[in-house]
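Summary of the model geometry
Here are the chains, one letter per residue:
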Amino acid sequence: MFVGESGCADALSKYEALAASLPARQGLGITPYRKYDGFWYPEHLMAPTLAVRDTFAARPTDVILATMPKSGTTWLKAVVYAVVHRGRHAPAGGRHPLLASSPHDLVPFLHSFYESPRSAPPGPLLEDMPSPRLFAVHTPFTALPASVPGSGCRVVYLCRDPKDVFVSLRHFLDEIKPGGSDIPPFAEAFDQFCGGVSPFGPVWGHMAGYWEESVARPGEVMFLRYEHLKEDAVGTVRRLAEFLGCPFTDEEVASGVPEAVIALCSLDRMRSVQANQDGVHGTGRLSFKNTAFFRKGEVGDWKAHITTEMAQKLDGIVEEMLRGSGLSLAGK
Ligand code: PPS
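Residues numbered from 1 in each chain as written. Predicted model: local features only at pLDDT ≥ 70, side-chain atom pairs only at ≥ 80, totals over all residues. Heavy atoms only, no water.

Glancing now at the side chain of Ser151. Within the secondary structure layout, Ser151 lies in the loop between β5 (134-137) and β6 (154-159). Sequence-distant contacts of Ser151, that is, excluding residues within four places in its chain, are made with Ala58, Arg59 and Pro60. (Helix = DSSP H or I, 4+ residues; strand = E, 2+ residues; numbered from the N terminus. Contact = heavy atoms within 4.5 Å.)

With that settled, the discussion passes to the site of the ligand. Around the ligand, 20 residues are found, and the nearest of them are Thr73, Thr74, Ser168, Lys296 and Gly297. One of the backbone nitrogen or oxygen atoms of Lys296 is found 2.6 Å away from an oxygen atom of the ligand. Contacts to the ligand include Gly297, whose backbone N or O atom sits 2.6 Å from an oxygen atom. For the ligand, whose free accessible area comes to 640 Å², the fraction covered by protein is 97%. Ranked by the residues each element gives to the shell around the ligand, the list is headed by helix α3 (residues 73-84), at 3 residues. Its residues assigned to classes, the shell around the ligand comprises 7 nonpolar, 9 polar and 4 charged. (Near = heavy atom within 4 Å. Polar contact = N/O pair within 3.5 Å; in protein donor to acceptor, adjacent residues only side chain to side chain. Areas by Shrake-Rupley, 256 points an atom, 1.4 Å probe, with all protein chains shown as cover. Nonpolar A, V, L, I, M, F, W, Y, C, P; charged D, E, K, R; others polar.)

For the structure shown, the criterion picks out 2 cavities of 30 Å³ or more. Of the voids in this model, the largest cavity is the one considered here, and its volume is about 60 Å³. Around the largest cavity, the lining residues are Thr49, Val52, Arg53, Leu110, His111, Ala136, Val137, His138, Thr139, Ala143 and Pro145. Of all elements in the fold, only α2 (43-55) and β5 reach the threshold of two or more residues within the lining of the largest cavity. (1 Å grid on protein atoms, 1.4 Å probe; cavity = no way out; pocket = protein on both sides within 12 Å on 5 of 7 lines; lining within 4 Å. Points joined across faces, edges and corners; volume = space filled by probe spheres on them.)

Sheet topology note: the strand β1 (residues 24-25)/strand β2 (residues 33-36) ladder contains 2 bridges and is antiparallel. Bridging across to β2, Arg25 finds its partner in Tyr33. Adjacent in sequence and paired antiparallel, β2 and strand β3 (residues 39-42) are bridged by 2 residues, among which Asp37 carries a positive phi angle near 50°. (Pairing = 2+ DSSP bridges.)

The residue after Ser131, namely Pro132, is reached through a cis peptide bond having omega -5°. In this fold, Pro132 is placed in the loop between α5 (122-128) and β5. Note that the residue after Gly201, namely Pro202, is joined by a cis bond; omega there is 10°. Position of Pro202 among the secondary structure elements: in the loop between α7 (186-194) and α8 (203-216). In this structure, Asp37 is a non-glycine residue whose phi angle is positive, near 50°. Residue position: Asp37 is located in the loop between β2 and β3. Of note in this structure, Lys70 is not a glycine but carries a positive phi near 75°.

For the rest of this paragraph, the subject is the pattern of salt bridges. Pairing between side chains of opposite charge can happen when the charged atoms of each approach one another. Scanning the entire structure with this criterion turns up 14 salt bridges. A salt bridge links Lys313 to Asp191; the shortest N-O distance between them is 3.1 Å. One end of the pair, Lys313, is in helix α15 (residues 308-322); the other, Asp191, is in helix α7, with 122 residues separating them in the sequence. Lys313 sits in the partly exposed class, given a relative accessible area of 39%. For the salt bridge of Arg295 with Asp301, the shortest nitrogen-to-oxygen distance reads 2.6 Å. Looking at Arg295, the relative accessible area reads 28%, which means it is partly exposed. For Asp301, a relative accessible area of 5% corresponds to the buried category. The structure contains a network of salt bridges with shared partners spanning Asp161, Lys163 and Asp315. (Salt bridge = Lys/Arg side-chain N within 4 Å of Asp/Glu carboxyl O. Buried < 20%, exposed > 50% of the residue type's maximum accessible area, 1.4 Å probe, protein only.)

This is the structure we're talking about:
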């Protein structure tokens, strides 16, 4: 069942009532959080997330990109868009859509279709999108749309060192906070992150959920690491294309198409795009400049911002919480 023609606000009201009944707290974000099924959600995304879960109808050709915020979402959106649409849009061409639009506009967040206020109900909008549809979520695996498992659609998860996630998140919040709003001091924010209180956190539960699913259903869920995409971009992009059912042909490999995808989606190239310099992302409730999505894009930037003791503390918590899951981030 899709959210009906009566409009998004009506369809959301039952989820808004549920969201309002959930445990709430202030967190390191700029909005309060609500806790649902063990995870902390930015309050304004709680009702849309529940509406997506219950009403979104997945197609077998859909691709869903899942990340913790600040794990490389923007990069993954660009790479997957470039790979999937390379037949229509040559990655080496000068008129590629990624050179005219933000990756966030080309690969929308699923929740954005359900956010209120919105002029049109999400059902027809989603129905009218041609296949393959590409969407993104920050949602934990357990809160993905109920129609996703078993639909045959592909889920790609991108995981990043939680220390770099924290540092990136902190910078992002500093960058986008509306004038006059307060975010907790650095040390306090770090303690909250270590306690699992972050957007869509705890980070370890988020990673473990997708990891376990990628082990159980490797044909449907792929688990990638930001660090591996950096280290072996060509190998990772080729594996990604295979997983998505559109492997690079020998001719494409010989003519450097995977390398062209990587060059197109590089941080410097993306940052130079006009739409990423002066565009805005978000909805009426919360919006910010696209420039906030592009900072350093480095592995290990945490070393410039948190002490060895803090790093050991977070690493220890993550390793402990991941114990038994088969996933280990140690040494990377
Ligand atoms: S969001 O808000 O969740 O969509 O943010 P997200 O895109 O997940 O994370 C932003 C961080 O990703 C870096 N970034 C990139 N890295 C490599 N290549 C490309 N093309 C790229 N684009 C964005 C961005 O700089 C943020 O990381 P930090 O460490 O803050 O630099």
